[in-house]
Amino acid sequence: QVHLVESGGGLVQAGGSLRLSCAASGETFCISTMGWYRQAPGKERELVAGITKTSSTNYADSVKGRFTITRDNAENTLYLQMNSLKPEDTAVYYCNAEHGSGWGCATGYGTTYWGKGTLVTVSP
């Protein structure tokens, strides 16, 4: 089992910045990839950025050059630095983690974990 808790959301004007954090606990040694997703009312949840255990990253085209995803494996924490925010970035942002393989990780393999989300609101 892996538990995820997001923090850092809030209200910001367009052009401003926010830094989201996600604290992981439980069987953190079993985590493979992690990511940030977002969901606006009435819309599907979409991938914002993903990161592997070795810090290889990928981003949605809409956030490339503005957002940076990082992870601190020693502290079991995921971050999303968001710069040059736009009103269309407004959404609930969710932390995600995948339960990978490895010694002691057979139980729960393939499970996707989610935090409860943190709201980011960007005003015009």
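Below, the structure is looked at part by part. Throughout this document, residue positions are counted from 1 along each chain, in the order its sequence is written. Local features in this predicted model are restricted to residues whose pLDDT is 70 or higher, and side-chain atom pairs enter the listing and the counts only when it is 80 or higher, whereas totals over whole chains, interfaces and linings include all residues. For side-chain calculations, the full set of non-hydrogen atoms in the structure is used, while hydrogens and water are omitted.

### Quick word on the packing of aromatic side chains
The cut-off we apply is this: Pairing of aromatic side chains here covers Phe, Tyr and the six-membered ring of Trp, requires ring centres within 6.5 Å, and sorts the geometry by plane angle: under 30 degrees stacked, over 60 edge-to-face, intermediate tilted. Each helix corresponds to a stretch of at least 4 residues labelled H or I by DSSP, and each strand to a stretch of at least 2 residues labelled E; elements are numbered beginning at the N terminus. The buried label goes to any residue with under 20% of its type's maximum accessible area, the exposed label to any with over 50%, and the partly exposed label to all in between, with areas taken from a 1.4 Å probe on protein chains only. Two thresholds decide whether a charge sits over a ring: the Lys NZ or Arg CZ must be within 6 Å of the ring centre and within 35 degrees of the ring normal.
Scanning the entire structure with this criterion turns up one aromatic pair. Here tyrosine 37 and tryptophan 114 contribute two aromatic rings whose centre-to-centre distance is 4.9 Å and whose plane-to-plane angle is 75 degrees, an arrangement assigned as edge-to-face. You can see tyrosine 37 sitting in strand β4 (residues 31-39) and its partner tryptophan 114 sitting in strand β10 (residues 112-114), a full 77 residues away along the chain. A relative accessible area of 36% places tryptophan 114 in the partly exposed class. The lysine or arginine in question, arginine 19, covers the ring of tyrosine 79, its NZ or CZ lying 4.0 Å from the ring centre. Its end group placed over the ring of tyrosine 94, arginine 45 keeps NZ or CZ at 3.7 Å from the ring centre.

### Things to note about the pairing of strand β8 (residues 77-82)
Just so we agree on the cut-off: Two strands form a pair only when DSSP identifies at least two bridges running between them.
Counting buried positions along β8 yields five of six residues, so the element is predominantly enclosed. Both strand β3 (residues 18-26) and β8 contribute to a ladder of six bridges, which runs antiparallel. Looking at β8, one finds that serine 21 is bridged to tyrosine 79. Linking strand β7 (residues 67-72) to β8, which pair antiparallel, is a turn of four residues; within it asparagine 76 sits at a positive phi near 55 degrees.

### So, the state of the cysteines
Put simply, the test is: The disulfide criterion used throughout: a pair of cysteine sulfur atoms within 2.5 Å.
If you walk through the whole model with that rule in mind, you get two disulfides. With a sulfur-sulfur separation of 2.0 Å, cysteine 22 is cross-linked through a disulfide to cysteine 95. Residues cysteine 22 and cysteine 95 are joined through a disulfide that is left-handed, its torsion about the S-S bond being -80 degrees. Of the two residues, cysteine 22 sits in strand β3 while cysteine 95 sits in strand β9 (residues 91-99), which places them 73 residues apart along the sequence. Of the residues examined, cysteine 95 reaches a relative accessible area of 0% and is grouped as buried. Disulfide pairing is shown between cysteine 30 and cysteine 105; the S-S distance is 2.1 Å.

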